[in-house]
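# Inside the fold
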Amino acid sequence: YDNIRPLKIPQSCDGMELLECLRAMKTFYTSEQWQAACAAGEVICNDEQVQPGRIMRAGERLLHRMPATREPDVNADIEILDEDEAIIVVNKPAPLPMHSCGRFHRNTLQYILAQVYAPQSLRIVHRLDADTSGVLVLAKTRQIARGLHEQFRAGEVRKSYLARVHGRVSNAEFACEAALADEPGPRGVRLPDENGRPACTRFRKVSYCEASGNTL
């Protein structure tokens with residue numbers, strides 16, 4: 001499909017030439033790729049094709065047309081776990097990005113669910129990394145989303161996971177309080193970072209499977 005992605009020029013880039021502006025915005029294209037896109041007439045502003053030397057103004061909206069786009073494959077096996085008049089609870093598979101980013105636009109949880117629930121606009125309440133599967137809550141109204149955001153920010157939401165691990169766990173209960181990086185790493189996984197966000201995960205052994213040698 002022809003993917004058309006908008007780019008809004010920030011105040012910090014006011015008065016810059018187009019290529020300088022795009023470098024400052026840290027897009028996923030290189031300068032050479034942007035030059036090629038301009039030459040092909042794929043960069044548009046105010047209904048006109050723009051060239052690398054054009055002076056950009058804050059607030060202007062660029063449209064980047066990427067013809068014949070083919071996105072990387074994802075796992076779109078999204079399971080609806082629960083739904084009422086306020087929220088939808090889904091089991092997000094992996095790999096599947098939450099929203100449009102990088103090479104992904106249509107192959108995202110947000111886009112797929114938007115097609116299913118149109119014209120209703122679902123609001124993402126919290127996030128999971130693309131390579132992480134798990135339960136997600138989406139709100140059906142702005143008011144519900146605001147209330148749920150506050151609960152997540154205040155740490156009032158409890159998350160429980162059942163994991164099977166190889167080997168025998170020595171302690172019946174223990175905790176990990178390693179801080180997590182603010183941003184995911186190259187593979188979309190948030191790694192421990194002493195300067196990151198505070199985090200605490202408590203573990204409790206449920207059972208030991210003698211036949212398989214695994215612990216739950």
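Residues numbered from 1 in each chain as written. Predicted model: local features only at pLDDT ≥ 70, side-chain atom pairs only at ≥ 80, totals over all residues. Heavy atoms only, no water.

For the chain, per-residue confidence averages 90 on the pLDDT scale, and 96% of positions sit at 70 or higher. At the low end of the mean pLDDT range in the chain sits strand S13 (residues 214–215), at 64; at the high end sits strand S6 (residues 87–92), at 97. (pLDDT = per-residue confidence, 0-100. Helix = DSSP H or I, 4+ residues; strand = E, 2+ residues; numbered from the N terminus.)

On to the pattern of salt bridges, then. Inspection of the entire model under this criterion finds 6 salt bridges. Residue aspartate 2 is joined to arginine 65 by a salt bridge in which the shortest nitrogen-to-oxygen separation is 3.9 Å. Of the two residues, aspartate 2 sits in the segment before strand S1 (3–8) while arginine 65 sits in strand S4 (residues 61–66), which places them 63 residues apart along the sequence. Given a relative accessible area of 47%, aspartate 2 falls into the partly exposed group. One salt bridge in this structure joins aspartate 14 and arginine 57, with 3.7 Å as the shortest N-O distance. Taken together, the residues span a long stretch of sequence, with aspartate 14 in the loop between S1 and helix H1 (18–24) and arginine 57 in the loop between strand S3 (48–49) and S4 at a distance of 43 residues. A residue is classified by how much of its surface remains accessible, and arginine 57, at 44% relative accessible area, is partly exposed. (Salt bridge = Lys/Arg side-chain N within 4 Å of Asp/Glu carboxyl O. Buried < 20%, exposed > 50% of the residue type's maximum accessible area, 1.4 Å probe, protein only.)

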